[in-house]
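Tertiary structure, described
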Amino acid sequence: MYFDGATRRNGAGAGVLFVSPRKDLLPYSFILTQNCSDNEAEYQVILLELGMAVEMKLPQLNIYGDSALVIKQLTGEFEVKKPELVPFWRYACDLLAQISEASLHYVPRSKNWPADALAGIAASLAQFAERPNQAPICKSANEARDWREPISNFLRYGTLPADLRERVRIRRAAPRYIYVNDVLYQRSYEGLLLHCLSKEEGLQVLKETHGGICGAHQAGPKLHLQVKRLSYYWLMMLRDATEMARTCKPCQLHADYMHQPPEPLHLTIASWPFEAWVMDIIGPNTPKPDSDRQYIPAATATSRNGPKLLPTEKSRLPPSPISFEPRLSIDMGFLHT
């Protein structure tokens, strides 16, 4: 089988060519529904052809392509570093594991010209297609992957995925699982068998347990333990329970109010009222005014804008030989005049 992907400004296309042992040719051409990079187009093409090979139940398949990156990533020679390519790679590894004998080979573009021509025609016709065929993309690759399937296949048939890391992970996790009557169970630390659910089934159980008829709108960790007591389990169930409790609208409406101030409290000095102002007597006034106001009481208050003079009411003080001179003092950071 030969495959190739082509990208244009107006769309992308995929070309697949099956060659039987009798040299019969089965050409296929697909229009990809979304604009993507060259590597993503190559992955989508190989997902298409592997899906067709699984549906046709081919026992042996030799795959040829001119994308060295895709071929060597699937064979394990190269590491997948771009996050957007990881779902494609995982889905392709799962499809390869369902074929008894599958081999990947890199060929130059000159020897892959039939698939390249099919992909080029599809890419050129992408702008004129009203309802193009749906091709696998990242989202569908993630949705098609069930976390229970690799473990179930290992317990039932002893098969492992092509990825080395996935092989090690499944071998380590398999002793904690048991497959009985077409149902996968996990052995808990208390010795109970927990029914393994898919992602969608787990979210439905969380919804019923948290806000259903008997739901108590519990917090995330407590909700997680409650679901385990109901004998259910799936991957990332603690994270899903926390997210369910955090985004629950009734919990946000009826939660206790936080009486904590929005900013840290500031300490108040006990002597502050006595250090913010000072009183003094100005006098004697010379020459003596007509109003017989020889001595004037004055109060000076400090503020952020500086000291301010606050005049007092009229006061008549008896003459005194003692004269009060204005004074200037700094006490605890406040200016007194």
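The residue count restarts for each chain, going from 1 along the sequence in the order it is written. Residue-level local features of this predicted model are given only where pLDDT is at least 70; pairs of side-chain atoms are given and counted only at 80 or more, and the full residue set underlies all totals for whole chains, interfaces and linings. In computing side-chain values, all of the structure's heavy atoms are included and hydrogens and water are not.

Another aspect to go through is the overall build of the protein chain. Each helix is a run of H or I in the DSSP string that is no shorter than four residues. Each strand is a run of E no shorter than two, and both are numbered from the N terminus. In terms of regular secondary structure, the protein chain is built from 12 helices and 14 strands. Note on definitions: a residue-residue contact is assigned when non-hydrogen atoms from the two residues lie within 4.5 Å. For the protein chain, restricting intrachain contacts to residue pairs at least 6 apart in sequence, the fraction spanning at least 24 positions comes to 58%. Only carbon and sulfur atoms are counted for the fraction: they give 56% of the accessible area of the protein chain, which is about 22,700 Å². To measure how exposed things are, a 1.4 Å probe is used in the Shrake-Rupley method; for residues, cover is taken only from the protein chains shown.

A word on the nonpolar core. Counting residues in each nonpolar core, the largest one holds 33 residues, and the members touching the most others are Tyr43, Ile46, Leu50, Leu61, Ile63, Leu74 and Leu104. For this core, the elements supplying multiple residues, two or more each, are strand 2 (12–19), strand 3 (25–32), helix 1 (38–55), strand 4 (60–65), helix 2 (68–75) and helix 3 (86–97). Of all the elements, helix 1 adds the most residues to this core, at 9 residues. If we ignore the near neighbours within four places in the chain, the residues touching leucine 74 are Tyr43, Ile46, Trp89, Ala92, Cys93 and Leu104. Only buried residues count toward a nonpolar core, which is a set of Ala, Val, Leu, Ile, Met, Phe, Trp, Tyr and Cys residues joined through side-chain atoms within 4.5 Å. Residue burial is assigned from relative accessible area. The probe radius is 1.4 Å, only protein chains are included, and a residue is buried under 20% of its type maximum, exposed over 50%, and partly exposed in between. One finds Tyr177, Val205, Tyr233 and Ala241 within the second-largest nonpolar core, a separate group that totals 15 residues.

Pairing between two strands is assigned when DSSP locates at least 2 bridges connecting them. The sheet built from 5 strands is open, its strands ordered 3-2-1-4-5 with mixed pairing. Two strands bound the open sheet, and with one partner strand each, they are strand 3 and strand 5 (101–106). Neighbouring strand axes in the sheet, compared pairwise and without regard to direction, differ in orientation by 20° on average. An axis is simply a line fitted to the C-alpha atoms; with a helix, the fit covers only the stretch in contact. Between two such axes, the angle follows the N-to-C directions and lies from 0 to 180 degrees. Across the sheet, helix 1 touches strand 1 (2–7), strand 2, strand 3, strand 4 and strand 5, and the angle it forms with strand 1 is around 145°.

Two faces, one strand: in a regular strand the side chains alternate between the faces of the sheet. Where strand 6 (residues 177–180) meets strand 7 (residues 183–187), 4 bridges bridge the pair, whose relative direction is antiparallel. Looking at the pairing, valine 180 lines up with valine 183 of strand 7. As consecutive antiparallel partners, strand 6 and strand 7 are separated by 2 residues, and within that stretch asparagine 181 has a phi angle of approximately 55°, a positive value.

Given the number of residues in a helix, its expected span is that number minus one, multiplied by 1.5 Å. Helix length check: helix 3, at 12 residues, gives a terminal C-alpha distance of 17 Å against a target of 16 Å (1.5 Å per residue), a fit within 8%. Buried within helix 3 are the following residues: Pro87, Phe88, Trp89, Ala92, Cys93, Asp94, Leu95 and Leu96.

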